[in-house]
Amino acid sequence: MRATTIHAPFDMRVEDVPDPVVRNPGDAVVRVLRSCICGSDLWAYRGESARQPGQRIGHEFLGIVEETGAEVSGVRRGDLVVAPFMWSDGVCDYCREGLTTSCEHGGFWGSVGSDGGQGEAVRVPFADATLVALPAEAASDDRLLAALLTLSDVMGTGHHAALGAGARAGVTVAVVGDGAVGLCGVLAAKRLGADRIIALGRHEARTDIARRFGATDVVAERGDAAVEAVRELTRGQGAHAVVEAVGTEQSMRTAVSITRDGGAIGFVGVPHGSGTGLDLSVMFDRNIALRGGVAPVRTYIPELLPDVLDGTIDPSPVFDLTVGLEGVPDGYKAMDERTALKVMVAN
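In this text, all values refer to a predicted model and were calculated from it rather than measured experimentally.

### A closer look at helix α11 (residues 297–309)
For α11, spanning 13 residues, the distance from its first C-alpha to its last is 17 Å, which sits close to the expected 18 Å at 1.5 Å a residue. In the structure, α11 departs most strongly from a straight axis at E303, where the bend amounts to approximately 45 degrees and where the proline P306 lies between one and four residues downstream. Among the residues of α11, V297, R298, Y300, I301, L304, L305, D307 and V308 are the ones counted as buried. Against the buried residues of α11 lie β6 (80–83), α3 (127–130), β10 (132–134), α4 (142–149), α5 (154–165) and α6 (180–191). Of the residues trailing α11, G311 is marked for its positive phi of about 85 degrees.

### Brief notes about the packing of α6 against helix α7 (residues 204–213)
For the pair α6 and α7, the least separation of the axes is 8 Å and the interaxial angle reads 15 degrees. If you check the angle between α6 and α7, you find them roughly parallel. In the packing of α6 onto α7, the handedness of the crossing is right-handed. The segment α6 lies against α7, with L183, V186, L187 and K190 engaging R206, I209, A210 and F213. Tallied by class, the residues present in the contact of α6 with α7 amount to 6 nonpolar, no polar and 2 charged.

### A short note on the nonpolar core
Ranked by internal contacts, the top residues of the largest apolar core, which has 54 residues, are L62, L80, L148, L151, M155, V173 and V318. For this core, the element with the highest residue contribution is α6, accounting for 8 residues. If near-sequence neighbours (up to four positions away) are discounted, V173 is found in contact with A167, A189, A194, R196, I197, I198, A239, A241 and V243. In terms of nonpolar packing, the next biggest core, distinct from the first, is built from 18 residues, V219, V242, I265 and M283 among them.

### Regarding the packing of aromatic side chains
Given two aromatic rings, their pairing is described by the distance between the two centres and the angle made by the two planes. Tallied over the entire structure, the rule returns 5 aromatic pairs. Ring centres of W87 and W109 lie 5.0 Å apart, and the angle between their planes is 55 degrees; on these two criteria the pair is classed as tilted. Here the residue W87 occupies a position in strand β7 (residues 86–87), and W109 occupies one in the loop between β8 (107–108) and β9 (121–124), the gap between them amounting to 22 residues. As far as the burial class goes, W87 and W109 line up, both buried. Geometry around W43 places R46 over its ring, the cationic atom sitting 5.1 Å from the centre.

### Focus: the sheet that holds strand β4 (residues 55–56)
Taken in spatial order, the 3 strands of this open sheet run β2-β1-β4, and their pairing is antiparallel. Of all strands in the sheet, those with a lone pairing partner are β2 (11–16) and β4, marking the two edges. Of the strand pairs in this sheet, strand β1 (residues 2–8) and β4 are connected by 2 bridges, and their pairing is antiparallel. Across the sheet, I6 pairs through a bridge with Q55, a residue of β4.

### Let's talk about the packing of helix α8 (residues 223–233) against helix α9 (residues 249–258)
Between α8 and α9, whose axes approach to 9 Å, the crossing angle comes to 25 degrees. Taken together, the axes of α8 and α9 lie roughly parallel to each other. For the crossing formed where α8 meets α9, the hand is right-handed. Contacts from G223, V227, V230 and R231 of α8 reach α9 at Q250, T254, S257 and I258. Counted by class, the contact of α8 with α9 contains 3 nonpolar, 4 polar and 1 charged residues.

### Side note on the side chain of Q118
Secondary-structure assignment places Q118 in the loop between β8 and β9. With sequence-adjacent residues up to four places away left out, Q118 is seen in contact with A3, T4, S35, C36, I37, D41, I57, G58, L325, V328 and Y332.

Each value, and the rule that gives it
Residues numbered from 1 in each chain as written. Predicted model: local features only at pLDDT ≥ 70, side-chain atom pairs only at ≥ 80, totals over all residues. Heavy atoms only, no water. Helix = DSSP H or I, 4+ residues; strand = E, 2+ residues; numbered from the N terminus. Expected span 1.5 Å × (residues − 1). Bend = angle between axes of the 7 residues up to and from the residue. Buried < 20%, exposed > 50% of the residue type's maximum accessible area, 1.4 Å probe, protein only. Contact = heavy atoms within 4.5 Å. Axes fitted to C-alpha atoms, helices over the stretch in contact; angles between N-to-C directions. Parallel < 35°, antiparallel > 145°, perpendicular 65-115°, else oblique. Left-handed = near helix turned anticlockwise from the far one by under 90°. Nonpolar A, V, L, I, M, F, W, Y, C, P; charged D, E, K, R; others polar. Core = buried A, V, L, I, M, F, W, Y, C linked by side-chain atoms within 4.5 Å. Phe/Tyr/Trp six-rings, centres within 6.5 Å; stacked < 30°, edge-to-face > 60°. Lys NZ or Arg CZ within 6 Å of the ring centre and 35° of its normal. Pairing = 2+ DSSP bridges.

Listed below in structure tokens is the structure:
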């Protein structure tokens, strides 16, 4: 089959690799219909996150079950399914508690020895616990497929951040970051009932989506100017709930500075750089809570799926460029140069 591999910084290739096969009784093989490029993939693309030459890549996909192992009973050949960005066994202590990303037998698509989502097919371990079945008719609806694809990562991650920040009715939410996760954080905050949502971003095409998703205000400034602007919008107090969806030192400093005393930050931006920007004494003095981390999206899919299917939420606008599998290297280039927000790969 054909699959995307990474060989060096800025060196992405689509190559012939071995077809996936069932190795264990709980495995399934899924033929990929849609996958996408994540902002976190760019750290490997830029050489800021180590990868072995020839390693697979991509952790967001949905597709059709082609084959199952003898012990798989929850899905069967021909089912349309979505996969969260990590597989999990569903039975360990962490999975039972809903923290599927800490599964004792879990793993990440594209890790050494595993298939990546940006390919023609994927072997899925623990298929019953990992995969979520979707309505068969969705396979012929391009918009719905795009919306469902976000459940593999960015919509669930935005939801995780909004929950961690305490988004709910009666509060003001601020979202740091105008990438796909930040935009989904806006949508999640709106879904959770937030009265006011301030989106921090300076790219008009992205902030237009933020407004469409429920943002009531947009702050285009950065750094100290952004802090001042948010405080002007909130009677000098800051936001009750802040979503941090970037992961840099500057973005975390901004998040802390715009959080209201007694508020909380939901952080889901993959940390990168030499520091975190956290001053614990400031957080201590102002009673600011910090929650978040790797989002257990498998736990959230059953909750979010009905709202996607009935149109209550539609995260599909985060995809603004679609390529075929052979066009994945160009998709990386577009996202790296910020000429695309999020690239979908249609097989």
